[in-house]
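Below, each chain spelled out in residue letters.
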Amino acid sequence: MPVFRRSVCRAGHGTRRLAMALTAAGLLAACGGGDGSREAVAPPTSCSVADHQQWLGNYMNDWYFWYRLSPHPDAAAYADVESYFEALLYTGIDPAFPADRWSRSESTESFNRFYGEGSTLGYGVSVAGLEVEGQPGQPLYVRHVEPLSPAARQDVQRGDEVLAMNGRSAGDLIAADEFSALTADSVGETLTLDLRRGGVQRTVSLSAAVFTLTPVGGTAVLTTAAGRRLGYVTVKDMISQALAPLETAFSRFRAEGVQDVVLDLRYNGGGLVSTGGTLASYVAGTRGSGRRYATLLYNDKRSDNNQSFGFSTLSSALSLPRVFVLMGRRTCSASEQVVNGLRGVGVEVVAIGETSCGKPVGSLPTSTCDRTYSVINFESVNERNEGRYFDGFDATCDVAEDFTSVQGSPADPLLAAASHFADSGNCPVPAAAAATRKQALSARASRRSATVEGAERTAMIPR
């Protein structure tokens, strides 16, 4: 369970860019002067467009992290709530902060389904569209299939090549950066995929359904070439339903005497801070005892809402000096917070894969008129007050993914690299492609729009 307490703003010796950036911004510091005890923003009088817009403008002016830097347009100029919401978002005018590309709204039903029930509506298939952005001549692969989804029931597998989606060719989809067909709005919607596997083509028709997520999978204990015991676990979603299987996984790791742990977070877009903190606590063990995992810092109006999450004491914790994290451009928000939180208490994080997405900020979701708004309300720092990693975390070993290999198998290049490093202390190959890939990520990060591949989320939620 998280530990809640008032945070103390301090610029410790480990601060990385944070104290200077707060001073330069001169307006977002979470120390002093806050009035977080004030009443919450009053709900709208009705759910008419005008009343909803008025509530939204008041809420953003009070709770939005960038409320001083963001536009304050006239709501009357916008015909609907969504276009007004987009117009309220911070555009990146201060060099200390990139533009807000994360604030979102969705139906409250969808939000509660995901974060409350641990389920989602959709097809359960994700493709490697982001990885081939701007390269319509490249193959488009299925990269992940949810085990309990309609896609899994139709034997869609990672490594299947997508030739077309609802009749539209893969080349067209990549050129347009358009994968919205993977997102369903209602039960019974259909998605037709033309696939190729092992030279054999087939067409499958998927019907959207509500299915239970599998937030933890792929648990294994492996033996490296040099005989080291390596515990491997995939964590896809930081939701409360991950807690029981994480306990099972780390109990096994402890019982079997693993010497290193590999956390596969390559497709983890985040979720609950407390779940990420629990995962980090299994790794840190006594190294995190009595120490802060993360502190969340709100804007100056809401600084009384600042809170800290501490490392938990868990009987199955391993107290490791280092951990391997398989990551990439989809490792985001609460999963990046795991990396930052562990580094804050001196655990060496060996990152294998690619640069992470760069989202050190999060949301305290609020709902009105059947919509839930997850706008950026706070930033996150670790025990040493390190944060603002908007450029993402660089990989220790830059390793390209192979979507035709089974995730977590001996042929998986990311896991193979972690195993090699565990034995030798070195990366298996030079990071020749790292700069090129990071440049592509930086260019993409400047845009508000982003590839949507199914009901994927990036989140850091303070519970």
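Cut-offs applied
Residues numbered from 1 in each chain as written. Predicted model: local features only at pLDDT ≥ 70, side-chain atom pairs only at ≥ 80, totals over all residues. Heavy atoms only, no water. pLDDT = per-residue confidence, 0-100. Contact = heavy atoms within 4.5 Å. Buried < 20%, exposed > 50% of the residue type's maximum accessible area, 1.4 Å probe, protein only. Helix = DSSP H or I, 4+ residues; strand = E, 2+ residues; numbered from the N terminus. Pairing = 2+ DSSP bridges. Right-handed = clockwise from strand over helix to strand, strands pointing away. Polar contact = N/O pair within 3.5 Å; in protein donor to acceptor, adjacent residues only side chain to side chain. Disulfide = S-S within 2.5 Å. Core = buried A, V, L, I, M, F, W, Y, C linked by side-chain atoms within 4.5 Å. Axes fitted to C-alpha atoms, helices over the stretch in contact; angles between N-to-C directions. Parallel < 35°, antiparallel > 145°, perpendicular 65-115°, else oblique. Left-handed = near helix turned anticlockwise from the far one by under 90°. Nonpolar A, V, L, I, M, F, W, Y, C, P; charged D, E, K, R; others polar. 1 Å grid on protein atoms, 1.4 Å probe; cavity = no way out; pocket = protein on both sides within 12 Å on 5 of 7 lines; lining within 4 Å. Points joined across faces, edges and corners; volume = space filled by probe spheres on them. Expected span 1.5 Å × (residues − 1). Arc of directions from axis to C-beta. Phe/Tyr/Trp six-rings, centres within 6.5 Å; stacked < 30°, edge-to-face > 60°. Lys NZ or Arg CZ within 6 Å of the ring centre and 35° of its normal.

A. Fine view of the confidence of the model for the chain. Put simply, the chain has an average pLDDT of 89, and 86% of its residues get 70 or more. Confidence drops under a pLDDT of 50 for residues 443-451, and excluding neighbours within four residues, the segment shows 19 contacts in the predicted structure.

B. How the structure looks around the pairing of strand S12 (residues 260-264). Of all the five residues making up S12, five are buried; the element is thus mostly covered by neighbouring parts of the structure. Neither face of S12 is open: one carries Asp-260, Val-262 and Asp-264, the other Val-261 and Leu-263, and all of them are buried. Sheet analysis places strand S11 (residues 229-235) next to S12, joined by five bridges and oriented parallel. In the sheet register, Val-233 faces S12, and the bridge partner there is Leu-263. Viewed along the sheet, the connection from S11 through helix H7 (residues 243-255) into S12 turns out right-handed. The pairing of S12 with strand S16 (residues 322-327) spans three bridges and is classified as parallel. Residue pairing for S16: Asp-264 is matched across the bridge by Leu-326.

C. Examining the side chain of Asp-264 more closely. Positionally, Asp-264 belongs in strand S12. A polar contact of 3.0 Å, which involves the side chain of Asp-264, links it to the side chain of Gln-407. The contact partners of Asp-264, leaving out residues within four places of it in the chain, are Tyr-232, Val-233, Thr-234, Val-235, Leu-326 and Gln-407.

D. The arrangement of the state of the cysteines in detail. Summed over all chains, the structure comprises three disulfides. Shown here is the disulfide that connects Cys-332 with Cys-357, its sulfur atoms set 1.9 Å apart. With the S-S bond torsion at 65°, the cross-link from Cys-332 to Cys-357 turns out right-handed. Taken together, the residues span a long stretch of sequence, with Cys-332 in the loop between S16 and helix H9 (334-344) and Cys-357 in the loop between strand S17 (348-353) and strand S18 (361-362) at a distance of 25 residues. Cys-357 matches Cys-332 in its accessibility class, with the two residues each being buried. The disulfide bridge from Cys-397 ends at Cys-427, spanning 2.0 Å between sulfur atoms.

E. A look at the pairing of strand S21 (residues 378-381). Here S21 shows no split at all, with Phe-378 and Ser-380 on one side and Glu-379 and Val-381 on the other all buried. Relative to S21, strand S14 (residues 292-298) runs antiparallel, the two being bridged by four bridges. Across the sheet, residue Leu-296 finds its bridge partner in S21, namely Ser-380. Across two bridges, S18 lies against S21 in antiparallel orientation. Among the inter-strand pairings, Val-361 is bridged to a residue of S21, identified as Glu-379.

F. Focus on H9. In terms of residue burial, H9 counts as a mostly covered element, since 10 of its 11 residues are buried. Within H9, the full set of buried residues consists of Ala-334, Ser-335, Glu-336, Gln-337, Val-338, Val-339, Asn-340, Gly-341, Leu-342 and Gly-344. Taken from the residues just after H9, Gly-346 is the one with a positive phi, measuring 85°.

G. Summary view of the nonpolar core. Ranked by internal contacts, the top residues of the largest apolar core, which has 67 residues, are Phe-250, Leu-263 and Leu-342. If you tally residues by element for this core, the top one is helix H8 (residues 273-284), at six residues. Apart from residues no more than four positions distant in its own chain, Phe-250 is found in contact with Val-233, Val-261, Leu-263, Leu-279, Tyr-282, Val-283, Ser-316 and Leu-318. Counting 24 residues, the second-largest nonpolar core is a separate cluster that includes Leu-121, Val-156, Phe-179 and Leu-206.

H. Highlighting the packing of H8 against H9. Two numbers describe how H8 lies on H9: the axes approach to 9 Å, and their chain directions differ by 45°. In terms of their interaxial angle, H8 and H9 are classed as oblique. Of the two elements, H8 crosses H9, and the hand of that crossing is right-handed. Counting all contacts with H8, which are made through Val-273, Gly-276, Leu-279, Ala-280, Val-283 and Ala-284, the residues of H9 involved are Gln-337, Val-338 and Leu-342. Considering only residue class, the contact of H8 with H9 consists of seven nonpolar, two polar and no charged.

I. Examining empty space enclosed by the protein more closely. Evaluated as defined, the whole model comprises one cavity of 30 Å³ or more. Computed from the structure, the largest cavity encloses a volume of approximately 40 Å³. Forming the boundary of the largest cavity are His-144, Thr-234, Lys-236, Asp-264, Arg-266, Tyr-267 and Gln-407.

J. Examining H7 more closely. Taking 1.5 Å per residue, 13 residues should reach 18 Å; H7 reaches 18 Å between its end C-alpha atoms and fits that length. Taken together, the buried positions of H7 are Leu-246, Ala-249, Phe-250 and Phe-253. Buried residues of H7, seen end-on, are gathered within an arc of 90° and therefore sit on one face of the element. Facing away from the buried surface of H7 by more than 90 degrees, the exposed residues are Ala-244, Thr-248 and Ala-255. Positive phi appears at Gly-257, one or two residues downstream of H7, with a value of about 65°.

K. Quick peek at the packing of aromatic side chains. Overall, the coordinates contain 20 aromatic pairs when judged by the stated rule. Ring centres of Phe-85 and Tyr-373 lie 5.4 Å apart, and the angle between their planes is 75°; this geometry places the pair in the edge-to-face category. One end of the pair, Phe-85, is in helix H3 (residues 81-88); the other, Tyr-373, is in strand S20 (residues 371-374), with 288 residues separating them in the sequence. Of the residues examined, Phe-85 reaches a relative accessible area of 0% and is grouped as buried. With a centroid separation of 4.7 Å and an interplanar angle of 10°, the aromatic rings of Phe-250 and Tyr-282 are classed as stacked. Here the residue Phe-250 occupies a position in helix H7, and Tyr-282 occupies one in helix H8, the gap between them amounting to 32 residues. Across the pair, exposure class does not vary: Phe-250 and Tyr-282 are buried alike. Grouped by ring-pair contacts, the aromatic residues Tyr-64, Phe-65, Trp-66, Tyr-90, Phe-97, Trp-102 and Phe-390 constitute a single cluster. The aromatic ring of Tyr-267 is capped on one face by Arg-143, whose charged end is 4.8 Å from the ring centroid.

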